[in-house]
Amino acid sequence: MKQRGPYKMRTVTQMTGFAPPLLRSWERRFDLLDPLRGPGGHRLYTEEDLKVLLAVRELLSAGRSIGEIAGFGRQALLEEEGPVATGRAPGDEDTAEAVHVRLHRAESVVRAAVAIDAPGINRVLDEAFAATSPESVITAVILPVARELAAMSLVGKCSKASENLANEIFCHRVRKLAEAAQPSRSDWAPVIVACFPDEYQQLGALVSAFWLSRAGFRVTYLGPSIPLDDLRTVWDTLHPAATVLWVTKKVGYDLRRSALRQLLSKTPDGMPVFVQGEGTPEDDAGAEDTGARMISPNTFINKAMTHIIDTIRERGRRVG
């Protein structure tokens, strides 16, 4: 017969893989948990508490940071539908032990960044890359830590220097991964990856470049702050299979919206153009009508890149 709550802390730890200090911290800092109290004052976790923790575990395994998850709120987590909501199915990597290890690594990188400890950041990343796939390190450590540090910097919980240090290390690592993954030849025309004008946050664009290279595409990475008009020259010269544009600030997208629509109204041969990043609008029918494919900022990176890769293979231009 299936056990039902309330559960003692030891039982919840065994069921979720989350250590008691984490459970107490999440209850105190984020109001994610609402345990009952036994006669001796010890915590007794309800079925709803367990459901919240299982949703947290799934979201952590998909690359979200605990700060980001806490922002959803307890009620939203209770309404989550487990693996379906995260965009990835559970597998061997989703054991409680594996989730706990990834969480520990991410927290270690945050601590090292706050301490301006570059060797410490690199040491944890070295351990992570030695233990699992580059995609897993990117989704479970690099991206959630980058988001966590950005949020901390905004509210004064860490310095901008800490955020920049970590991002420089992340960008260096992912750039090297992308370069190493480039195929020597490809049946496809190059894929262009670039950042919006006045967009200097390169991490997301470099992650896309890496994912595309791993999928067998040769990527021409143009870097930060590319004027949209310059893309016409690039397209005329390279005749690419597709283009991926990254924007992390909504104001940046809004300022360039008209120019983007004008540019996309003349894309060559129906070439797919993707707009990706936190600054991407949830819905822009005007841009969609001109050929842009908006990747929702709420889409997990692995699911987003699978969609982009499948679309390029279906509609992109082959060599010759």
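Calculation rules
Residues numbered from 1 in each chain as written. Predicted model: local features only at pLDDT ≥ 70, side-chain atom pairs only at ≥ 80, totals over all residues. Heavy atoms only, no water. Core = buried A, V, L, I, M, F, W, Y, C linked by side-chain atoms within 4.5 Å. Buried < 20%, exposed > 50% of the residue type's maximum accessible area, 1.4 Å probe, protein only. Helix = DSSP H or I, 4+ residues; strand = E, 2+ residues; numbered from the N terminus. Contact = heavy atoms within 4.5 Å. Pairing = 2+ DSSP bridges. Right-handed = clockwise from strand over helix to strand, strands pointing away. Phe/Tyr/Trp six-rings, centres within 6.5 Å; stacked < 30°, edge-to-face > 60°. Lys NZ or Arg CZ within 6 Å of the ring centre and 35° of its normal. Axes fitted to C-alpha atoms, helices over the stretch in contact; angles between N-to-C directions. pLDDT = per-residue confidence, 0-100. Bend = angle between axes of the 7 residues up to and from the residue. 1 Å grid on protein atoms, 1.4 Å probe; cavity = no way out; pocket = protein on both sides within 12 Å on 5 of 7 lines; lining within 4 Å. Points joined across faces, edges and corners; volume = space filled by probe spheres on them. Parallel < 35°, antiparallel > 145°, perpendicular 65-115°, else oblique. Left-handed = near helix turned anticlockwise from the far one by under 90°. Nonpolar A, V, L, I, M, F, W, Y, C, P; charged D, E, K, R; others polar.

Here's the deal with the nonpolar core
Ranked by internal contacts, the top residues of the largest apolar core, which has 53 residues, are I121, F170, L203, L212 and I312. For this core, the elements supplying multiple residues, two or more each, are α7 (96–114), α8 (118–131), α9 (134–154), α10 (160–181), β4 (191–195), α11 (203–214), β6 (242–246) and α15 (301–315). Among the elements that make up this core, the one with the highest residue count is α9 (nine residues). In this view, I121 contacts V109, A112, A113, L165, A166, I169 and F170; residues no more than four positions away in its chain are not counted. With 23 residues, the next largest nonpolar core counts V12, L32, L60 and I66 among its residues.

Notes on the pairing of β6
Within β6, five of the five residues are buried, leaving the element largely enclosed by the surrounding structure. The alternating pattern of β6 places A242, V244 and W246 and T243 and L245 on opposite faces, both of which are buried. The pairing of β4 with β6 spans five bridges and is parallel. The residue of β6 that forms the bridge with I192 is T243. Note that β6 and strand β7 (residues 273–276) share four bridges and pair parallel. Residue V244 lies in a different strand from β7, and its bridge partner there is F274. Handedness of the β6-helix α13 (residues 250–264)-β7 crossover: right-handed.

Topic: the packing of aromatic side chains
A full pass over the atoms with the stated rule returns four aromatic pairs. Centre to centre, the rings of F18 and W26 are 4.8 Å apart; their planes meet at 75°, and the pair counts as edge-to-face. Summarising the aromatic geometry, the rings of F210 and W211 are spaced 6.3 Å apart at their centres and angled 80° between planes, so their arrangement reads as edge-to-face. We classify F210 as buried; its relative accessible area is 1%. We note R318 situated over the ring of W188; from NZ or CZ to the ring centre the distance is 4.2 Å.

Some points on unusual backbone geometry
Not every positive phi belongs to a glycine, and I116 is a case in point at roughly 55°. Among the secondary structure elements, I116 is positioned in the loop between α7 and α8. At S225, a position not held by glycine, the phi torsion is positive, near 50°. By the secondary structure assignment, S225 is in the loop between β5 (219–223) and α12 (228–238).

Section: the sheet that holds β6
Read across the sheet, five strands follow the order β5-β4-β6-β7-β8 without closing on themselves; strand pairing throughout is parallel. Because the sheet does not close on itself, it has two edges, and the strands there are β5 and β8 (292–294). Between one strand axis and the next, the sheet turns by 20° as a mean value, whatever way the strands run. Across the sheet, α11 is in contact with β4, β5, β6 and β7; its angle to β5 comes to roughly 175°.

With respect to the confidence of the model for the protein
Counting all residues, the mean pLDDT for the protein is 84, and 87% of those residues have values of 70 or more. Here residues 80–94 scores under 50 on pLDDT; set against residues more than four positions off or in separate chains, the count is 29 contacts.

Topic: α13
By the largest-angle criterion, R257 marks the main kink of α13, which is about 55°. Inspection of α13 places G252, Y253, L260, L263 and L264 among the buried residues, and these make up the whole buried set.

Here's the deal with empty space enclosed by the protein
Counted under the stated rule, the structure contains one cavity of 30 Å³ or more. The computed volume of the largest cavity comes to approximately 30 Å³. What lines the largest cavity is R102, R105, A128, T132, S136, V137, A140 and V141. At the level of elements, α7 and α9 are the ones that each hand at least two residues to the lining of the largest cavity.

Regarding the packing of α11 against α15
Where α11 meets α15, the closest approach of the two axes is 10 Å, and the angle between their N-to-C directions is 55°. Judged on the interaxial angle alone, α15 and α11 are oblique. For the element pair α11 and α15, the recorded crossing hand is right-handed. In contact with V207, S208, W211 and L212 of α11, α15 contributes I301, N302, M305, I308, I309 and I312. Considering only residue class, the contact of α11 with α15 consists of eight nonpolar, two polar and no charged.

With respect to the environment of D310
Structurally, D310 is set in helix α15. Considered as a pair, D310 and A215 are 95 residues apart in the sequence and their alpha carbons are 10.0 Å apart.

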